[in-house]
Amino acid sequence: MVVDGTSENDQIILATGGYDHTIKIWQTHTGICQRTMQHAESQVNALEITPDKLSLAATGYQHIRMYDLASNNPNPTVNYEGITKNVTGVGFQEDGKWMYTGSEDCSARIWDYRLKSAHAAKIFQTSAPVTCVCLHPNQVELLVGDQSGVIHLWDLKTDHNEQFIPEGDTMILDIDVDSEGTLMAAVNSKGRCYIWSLTFGRDGEPTKMYPKHKFEAHKRQALKCKFSPDSTLLVTTSADQTARIWKTCDFSLLQELKQENQRWVWDAVFSSDSQYIFTASSDGYAKLWNVKTGNMEREYAGHQKAIIALAFRDATV
Amino acid sequence: MALYDNKLWLLSHIRDSFISTDDTGMSELVLIGDDLPKQLADNLDWYRDPDDSDDDEDDMNREPYEMHLDMDFEVRRQRSNTAVRLEKMDIAKKRAAKVKHIKWEVSATAPTTEELDNLFVRKDIKQNQTVGKKSLLSEQLEKCTNLPQNPYIEYAKFDGSAQIGILTRKYKIFLTMLPEEHRNYPMIVSCIATAKIEELIGFILLKCSTIHGDFPLKPVSHYGLYITEEDGEVDHDFPNLDPKECVAKFGFTCLGLVEHKQITKNVSFESSQILIQNESAEDINISIHRKIKGDEAKQITANMHLMKVHATAMEAPLYQSYRVYIVNKMRAKAEIQLGISGEKIEIDPLQQKNTKFTFVRQKPVSHHIDSVAWCEVTDTKSSGTTFRVVYSSSFGNNGASSNVNANVTQSPTLQTSTSFKHYDFEADHNTAEEIVQKINLILELRSSGSRKEYLASRERKQKRKTLHTNK
């Protein structure tokens, strides 16, 4: 299928990847798989679409690979190497100036991914393998979670860093900051969810974090947490085979997204109007749920094995 | 051009020479992955001319050399294996060349504050502007809330395209239920090797439904896959592939998807023209076939139909055998071979599998074609179609057909009740249709005494019936 170049930015892109070494691009409203790309050497750990919507980054063992979204090339076009272990997370500065990654070789890195500014590259070493990375919406602070349970707040400009340990020796699995930069959530391997309220750092000052709330989100380990774009909801996914949507006003449960035999729910992402949510699970299906009703609206079938990662870019009307 | 003082060139030369003189091909397996000369050169020579390390350029410098080897040095020996491998390696190299590799690198000099200010800009977080705006996803979903889900979507997971590390199978599938002009070329389908035949059918139908848009398709159980010739002619001599079996069990690459029930004749030309418009971009090869204009396509279809009628009429008296079930009065079935030719109809029992006792003991019998009076389809069920062959039992006894005629004149009423017997057979719909058509064509050609007599007696019966009802 040839993608119309002019309507590039009005496009919805949904990409999924996991253990079957393929990445699939879906037509969201029909559930038809538009394209399959090969991720030959390893499973896909994380996916992210570049801000210009032209490329898709996929991380695996030791590599980050970039795929062209505008062409039909099933092979990657760029391969980033130099990491010795699994790359667990990837993301981009909102104008595409640089790329950030987190990896199990105990580091978070800033990449000059377009080879435009040689001095962008930076590395931040941690004492335990990095499980997740999240960029604060202010674009200068990177939150890094690791297996020993530490959350690092790394100021990219000053290289100043701070540590937070919500629960000792309990692996942090995901961190998210809401779009307004006022709330931060982190989930751990015991299924607990921690909430902090953030204050805006004045010029040059780092963001201050104040513990706000803590609750048992899941009985088994929680895998992902994401705020909705309107900051009113938080979704957590878990090994207990559910995804749960919480209201951020009081952190009460709004919906439980559950389906018989869907197994681990690995990833979730909201639509731009916070009305729908995509989930990825070990049964090899990506699913679309209606947030209001909690009903499943679409199913995306085609992967042979578990889906671990989702990347989604919505557009507004 | 610097050659012998160029380490990169020398290493490359050694490598290529080694590959080209190694008949076993093992060297390529070892050397295929990395561009060893370049890596070695990088390690050995830090002061190498930067031009040499330039990826694109040295590839171009070295490649013509590899190709010259054959011609200039006239290496005359059997090296087809090596040549093939070299070609593969070349393709792999070209593909790899398309991937840009970027190594992790931190610049030795610290960035200036200006650069830092430029790269890491603290953004003022304003109120989220997209809040309240409707998402395109929501809009699209609302537009097609009543969109019927593709019934075959569950079969999407058997897609074998772009799979890695999983055995897949590629098939040419002829879709016999589509209009004539779409039937003549195969659809290429790749599925995973562990799929069952019925799952392959489901996946074919999914693909078919996305390509041929609105063509009505039925549940998977309505279709069967048959061994098919390269030209798309379905081989009905063999039964359809067992839907419960794994695709890997069968070695055929060319298959025909056949609907068990007859619907193809209902397809009108209007719908086929819609299909032509619906052609998708991915079937460029296929669309070449379709570029025949509407009228021409119609003409061709009509001609093809005529040819088909002609051919079946011509072939009718030729011997052909079918595997069908014979059904006795107790409704028990036994598989037999039914042989039909211009001379006779033969029924041969087949070895019954897994049955210790059979309800139907069918002896091999043969009937002269002139004793056969009638053939018709009696019942059509989803499981199969039953058809009846009526024959004159007195034909053989009396020795000659002229005697039959004599009998008729003597006592026609007796004759009808005693001398005509029938066999009931059951087969899948297509086979049954074909057999009935074949027998009827032969009967029409010969128009034997038995047939005339049977028709006459049927007419009499009918008259009697109408008389009774009129009373």
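Refer to the structure presented above.
Quick caveat: nothing in here was measured; it's all calculated off a predicted structure. (Residues numbered from 1 in each chain as written. Chains lettered and ligands numbered in written order. Predicted model: local features only at pLDDT ≥ 70, side-chain atom pairs only at ≥ 80, totals over all residues. Heavy atoms only, no water.)

(A) Spatial organisation of a negative patch on the surface. Judged by side-chain charge, Glu229, Asp231, Glu233 and Glu315 of chain B come together as a negatively charged surface patch. When you line up the elements, Asp231 of chain B lands in the loop between strand 4 (223-227) and strand 5 (254-259). (Patch = residues over 30% accessible without salt bridge, like charges linked within 9 Å, V, L, I, M, F, W, Y side chains within 5 Å. Areas by Shrake-Rupley, 256 points an atom, 1.4 Å probe, with all protein chains shown as cover. Salt bridge = Lys/Arg side-chain N within 4 Å of Asp/Glu carboxyl O. Lys, Arg positive; Asp, Glu negative; His and termini not counted. Charge placed at Lys NZ, Arg CZ, Asp CG, Glu CD. Helix = DSSP H or I, 4+ residues; strand = E, 2+ residues; numbered from the N terminus.)

(B) Highlighting the pattern of salt bridges. All names here are of chain B. Within this structure, the stated rule accounts for 23 salt bridges over all chains. Among the ionic pairs, Lys134 bridges to Glu142, the shortest N-O distance being 2.7 Å. Owing to a relative accessible area of 35%, Lys134 belongs among the partly exposed residues under this scheme. Take Glu142: its relative accessible area is 44%, and that puts it in the partly exposed class. With a closest N to O distance of 3.8 Å, Glu139 and Lys143 form a salt bridge. (Buried < 20%, exposed > 50% of the residue type's maximum accessible area, 1.4 Å probe, protein only.)

(C) Quick peek at the state of the cysteines. All names here are of chain A. On inspection of all chains with the given rule, the structure shows zero disulfides over all chains. There is no disulfide at Cys132, and the cysteine sulfur nearest it, in Cys225, is 7.7 Å away. What makes Cys132 buried here is its relative accessible area of 4%. (Disulfide = S-S within 2.5 Å.)

(D) Structural detail: the nonpolar core. All names here are of chain B. Core analysis: the biggest nonpolar cluster contains 35 residues, and Ile173, Leu175, Ile204, Leu205, Leu225 and Leu257 have the highest contact counts within it. If you list the elements that add at least two residues to this core, you get strand 2 (168-175), strand 3 (187-192), helix 10 (197-211), strand 4 and strand 5. Among the elements that make up this core, the one with the highest residue count is helix 10 (nine residues). Every residue in contact with Leu225, bar those within four places of it in the chain, is listed here: Ile173, Ile197, Leu200, Ile201, Ile204, Asn240, Leu241, Leu255, Gly256 and Leu257. (Core = buried A, V, L, I, M, F, W, Y, C linked by side-chain atoms within 4.5 Å. Contact = heavy atoms within 4.5 Å.)

(E) Looking closely at a positive patch on the surface. Residue and element names in this part refer to chain B. Together, Arg458, Arg460, Lys461, Arg464 and Lys465 give the surface a local cluster of positive charge. Here Lys465 shows up in helix 18 (residues 449-470). Classification of Lys465 as exposed rests on a relative accessible area of 61%.

(F) Up close: the sheet that holds strand 4 of chain B. Residues and elements named next belong to chain B. What the four strands build is an open sheet, ordered 3-2-5-4; its pairing is mixed. Strands at the two margins of the open sheet, each flanked by one partner only, are strand 3 and strand 4. Across this sheet, the average inter-strand angle for adjacent strands is 40°, counted without regard to direction. In the sheet, strand 2 pairs with strand 5 via four bridges, with the strands oriented parallel. Looking across to strand 5, one finds that Ile173 is bridged to Leu255. Most of the contacts of helix 10 go to strand 3, to which it runs at about 135°, and overall it touches strand 2, strand 3, strand 4 and strand 5. (Pairing = 2+ DSSP bridges. Axes fitted to C-alpha atoms, helices over the stretch in contact; angles between N-to-C directions.)

(G) Highlighting the interface of chain A and chain B. Counting residues at the interface gives 73 residues for chain A and 50 residues for chain B. Both sides together, the interface formed by chain A and chain B hides about 5,500 Å², and carbon and sulfur atoms give 60% of it. At the junction of chain A and chain B, the tally comes to five salt bridges. Summed over the shared surface of chain A and chain B, the number is 20 residue pairs in polar contact (both at pLDDT 80 or more). Going through the elements one at a time, strand 3 (32-38), strand 7 (78-92), strand 9 (107-111), strand 10 (122-125) and strand 24 (276-281) of chain A are the ones with two or more residues in the side of chain A that touches chain B. Per element, the largest residue contribution to the side of chain A that touches chain B is five residues, and it comes from strand 7 of chain A. In terms of residue class, the side of chain A that touches chain B is made up of 28 nonpolar, 29 polar and 16 charged. Taken together, the four bridges between strand 7 of chain A and strand 1 (residues 100-103) of chain B define a ladder with parallel strand orientation. Residue pairing for strand 1 of chain B: Tyr80 of chain A is matched across the bridge by Ile102 of chain B. (Buried area = accessible area lost by both parts, 1.4 Å probe. Polar contact = N/O pair within 3.5 Å; in protein donor to acceptor, adjacent residues only side chain to side chain. Nonpolar A, V, L, I, M, F, W, Y, C, P; charged D, E, K, R; others polar.)

By themselves these figures say nothing about function.
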